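Each chain is listed here by its residues.
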Amino acid sequence: QLGRTYYMKALKQWVVPIRMAIKDKNGQIPLVMTAGIKIDDGDTALHIKKLPEYVQIQVIKDNGYIQFQNPINKTEYERIFGSKVNKSYFNKLKSISHNKTQLIEINQNKQEYLSSIIYIKDFDLYFTVSMSKNIIIKEYLKHLIPLVLLLLILLLTLYYIFKKNITEQIKADNTIKN
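The text that follows walks through the structure, step by step, so that each part is easy to find. Please read all numbers here as calculations on a predicted model, not as lab measurements. (Residues numbered from 1 in each chain as written. Predicted model: local features only at pLDDT ≥ 70, side-chain atom pairs only at ≥ 80, totals over all residues. Heavy atoms only, no water.)

### Focus on the sheet that holds strand β3 (residues 31-38)
Within a sheet, adjacent strands bond to each other through the backbone by hydrogen bonds, running parallel or antiparallel.
Next up, step 1: One open sheet holds the three strands; their spatial order is β1-β2-β3, and the pairing between them is antiparallel. Of all the strands in the sheet, the pair left with one neighbour each is β1 (6-8) and β3. Across the sheet, the mean angle separating the axes of adjacent strands is 55° when strand polarity is ignored.
Next up, step 2: Taken together, the three bridges between β1 and strand β2 (residues 13-22) define a ladder with antiparallel strand orientation. Within β2, the residue paired with Tyr7 across the bridge is Trp14. (Pairing = 2+ DSSP bridges. Helix = DSSP H or I, 4+ residues; strand = E, 2+ residues; numbered from the N terminus. Axes fitted to C-alpha atoms, helices over the stretch in contact; angles between N-to-C directions.)

Have a look at this one:
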């Protein structure tokens, strides 16, 4: 089981605690093994070195607390990991079907984002990848505009060719009639 991300004073690091109950032959839990994964150090899956600045990854527990976020400024750890996500955002998360990826729009910090979200019930975690809608639209238009211009040029060229062809046909018809 994953615990909430917290600052471990002994390590002087932010960690994600992992706990596993050890049961005896009667099903009782006499021991719990605990380990911690540093969120900003080493070669763990959480330490993503290269990520485009406009992409945000979040892992959110089913209680609304952020388990992991990238990118994140180290000065924001306490604020990000110490409080729950926005209530309307969390309500959208809770509406996600289990083990199905869904795309939703969210508003955060006066910006619109498009987020791909999946809920993994086995871990009670929401995994999100978000991008600003402005970036998505900008990239889309960057590829769309040249294609639209090419289509317009093609249509104008075809229009000119057909108009010229019709004019020539009319001249030929008039020549035959006379």
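### Things to note about the sheet that holds strand β7 (residues 111-120)
Next up, step 1: Read across the open sheet, the five strands follow the order β5-β4-β8-β7-β6; overall the sheet is antiparallel. Among the strands making up the open sheet, the edge pair consists of β5 (66-70) and β6 (102-108). Averaged over neighbouring strand pairs, the angle between their axes works out to 25° when direction is ignored.
Next up, step 2: Here strand β4 (residues 55-61) pairs with strand β8 (residues 125-132) via seven bridges, running antiparallel. The residue bridging Lys61 from the neighbouring strand is Leu125, located in β8.
Next up, step 3: Strands in contact with helix α3 (residues 133-177) are β6, β7 and β8; relative to β8, the strand with the most contacts, it is inclined by about 55°. (Contact = heavy atoms within 4.5 Å.)

### Here's the deal with the nonpolar core
Next up, step 1: Of all hydrophobic cores here, the largest spans 19 residues; its most connected members are Ile60, Phe81, Leu93 and Tyr126.
Next up, step 2: Among the secondary structure elements, those contributing two or more residues to this core are β2, α1 (77-82), α2 (87-94), β6 and β7. (Core = buried A, V, L, I, M, F, W, Y, C linked by side-chain atoms within 4.5 Å. Buried < 20%, exposed > 50% of the residue type's maximum accessible area, 1.4 Å probe, protein only.)

### Things to note about a positive patch on the surface
Next up, step 1: A contiguous patch of positive charge, built from Arg4, Lys84, Lys87 and Lys94, is present on the exposed surface.
Next up, step 2: Note that Lys87 resides in helix α2. (Patch = residues over 30% accessible without salt bridge, like charges linked within 9 Å, V, L, I, M, F, W, Y side chains within 5 Å. Areas by Shrake-Rupley, 256 points an atom, 1.4 Å probe, with all protein chains shown as cover. Salt bridge = Lys/Arg side-chain N within 4 Å of Asp/Glu carboxyl O. Lys, Arg positive; Asp, Glu negative; His and termini not counted. Charge placed at Lys NZ, Arg CZ, Asp CG, Glu CD.)

### Some details on the pattern of salt bridges
Next up, step 1: Applying the stated criterion across every chain yields a total of four salt bridges.
Next up, step 2: Of the charged contacts, one joins Glu76 and Arg79 as a salt bridge, the two residues approaching to 2.5 Å between their closest N and O atoms.
Next up, step 3: Salt-bridge contacts for Glu112 lead to Lys133; the nearest nitrogen and oxygen are separated by 3.6 Å. In this pair, Glu112 sits in strand β7 while Lys133 sits in helix α3, placing the two residues 21 residues apart along the sequence.
Next up, step 4: Here the residues in one salt-bridge network are Glu105, Glu112 and Lys133, joined through shared partners.

Take it as geometry only, folks, not as evidence of what the structure does.
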